[in-house]
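Read off the chains here:
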Amino acid sequence: MRDGEETEGRWQRAGRSAAVVLAAYAGGLVLLYAVLEHGPVGPWRTLDLVLGALACLGLLWRWRAPVAVGLVLAAAAAVVASAGVANMVALYFVARQRSLRVAIPVALADVAAGWVFWLAYPGNSQLSLTLTVNTAIAAAVVAWGALLQSQHALLEAYRERAEQAERDDALREERIRVAERTRIAREMHDIVAHRISLVALHAGGLEVGPDHGSDVRDTAALIRSSAVSALDELRTAIGVLREGEPRSLEQPGLNRLADLVVEARAAGQEVDLEAEGVDMSASPGVGRDVYRVVQEGLTNARKHAPGEPVRVSVARVDDWVDVRLVNPCTEQVSELPGSGSGLIGLVERVGLAGGTLTHAVTTTGDFELHARLPWH
């Protein structure tokens, strides 16, 4: 199919080239026999016809070397009457492919050729008329070629813009697909994590049940530990899909709490952090959960109590970690967008870790977010 199309294209180009050559030669014959009153006669006319045909054949190279063909045919038109149309055709292709700075000198060469031909045959018309007509024809040909060149360039620009728009649409669609896959992966994480947490919960019940033998308890302990490990691995792997988090498997922990507070203060939020008896470099598992609780609490305060101070306290109590965020309630409404499910997701996270999370308005009119997480 492609070879046939290329062959057809070559035949079409050859046909157009032949038509241009024949049309230019026919125009030269009309000029020689019908327009000029005085011209070559006798054997000089025969020589003129031969040289005119050879000059018109030069138009076959009009696309490869337009300027050279234009200058050669301008020189030929100065002495060969039947080449007096071919030189203007060559000028048209110069204007189609080159700038006006190149086309105008070639047009002046054509006007000079008409003046030289007048010197050889002055009886055809007055010099002023010859120069005027040749100048007008050359100017019209140059303007026509330049106009078509500009139109072609404009069409190419529109075509490139349309292709770029198609590429942008394809890229946008790909981003939408990636976002949808990410959303599905998050939903799968939530669903699978919930089910695995139920497995761990029931396995823990079997493990501590007094009516079961040691084999059952050992098996239940293995199931529970495997489920907890699966939850940790699933949470770590799915973390790369969370927007706004580092694109790596390393999750922030207790050692990043200070950075989180610094970022909040840099954003204009008044935050007071107190950490009592907590080793910031220990327990990476609970550290991730504590970090997320504080992060969501600060975000929640910025949305629902903008401009109000927030007190953050993290304390180690025996085998538990208490996290409290307290901020005054306000009737001011923030323009920050929210999904409306931040605290719900936080309750699920803390519950999967074996802890509890509560939020309520205290008797003093403050909003308190309290999380209690096991230290393991």
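Residues numbered from 1 in each chain as written. Predicted model: local features only at pLDDT ≥ 70, side-chain atom pairs only at ≥ 80, totals over all residues. Heavy atoms only, no water.

**Observations concerning unusual backbone geometry**
Then comes step 1: Positive phi outside glycine occurs at Asp318, with the angle close to 55°.
Then comes step 2: As for its position among the elements, Asp318 is in the loop between β2 (310–317) and β3 (320–328). (Helix = DSSP H or I, 4+ residues; strand = E, 2+ residues; numbered from the N terminus.)

**Here's the deal with a nonpolar patch on the surface**
Then comes step 1: A grouping of Trp44, Leu47, Val50, Leu51, Leu54, Leu57, Leu60 and Trp61 is seen on the molecular surface, where their side chains present a nonpolar patch of about 790 Å² in accessible area.
Then comes step 2: Following the sequence through the fold, Leu57 ends up in helix α2 (residues 43–57). (Patch = residues over 30% accessible without salt bridge, like charges linked within 9 Å, V, L, I, M, F, W, Y side chains within 5 Å. Areas by Shrake-Rupley, 256 points an atom, 1.4 Å probe, with all protein chains shown as cover. Salt bridge = Lys/Arg side-chain N within 4 Å of Asp/Glu carboxyl O.)

**As for the side chain of Ser82**
Then comes step 1: With respect to the helices and strands, the residue Ser82 is situated in the loop between α3 (66–77) and α4 (86–97).
Then comes step 2: On the basis of relative accessible area, Ser82 is assigned to the buried category, the value being 0%.
Then comes step 3: A polar side-chain atom of Ser82 sits 2.8 Å from the main-chain carbonyl oxygen of Asp48.
Then comes step 4: Dropping the residues within four chain positions of it, Ser82 is found in contact with Gly28, Asp48, Leu49, Gly52 and Cys56. (Buried < 20%, exposed > 50% of the residue type's maximum accessible area, 1.4 Å probe, protein only. Polar contact = N/O pair within 3.5 Å; in protein donor to acceptor, adjacent residues only side chain to side chain. Contact = heavy atoms within 4.5 Å.)

**Quick look at a negative patch on the surface**
Then comes step 1: Taken together, the side chains of Glu270, Asp272, Glu274 and Glu276 define an acidic patch exposed on the protein surface.
Then comes step 2: With relative accessibility at 37%, the residue Asp272 sits in the partly exposed group. (Lys, Arg positive; Asp, Glu negative; His and termini not counted. Charge placed at Lys NZ, Arg CZ, Asp CG, Glu CD.)

**With respect to the packing of α4 against helix α5 (residues 100–120)**
Angle between the axes and distance between the axes: these two values describe a pair of packed helices.
Then comes step 1: Running from N to C, α4 and α5 cross one another at 170°; their axes reach a closest spacing of 9 Å. The angle between α4 and α5 falls in the class roughly antiparallel. Side by side, α4 and α5 meet where Asn87, Met88, Leu91, Val94 and Ala95 of the first sit next to Val102, Ala103, Val106, Ala107 and Asp110 of the second.
Then comes step 2: Taken together, the residues of the contact of α4 with α5 sort by class into eight nonpolar, one polar and one charged. (Axes fitted to C-alpha atoms, helices over the stretch in contact; angles between N-to-C directions. Parallel < 35°, antiparallel > 145°, perpendicular 65-115°, else oblique. Nonpolar A, V, L, I, M, F, W, Y, C, P; charged D, E, K, R; others polar.)

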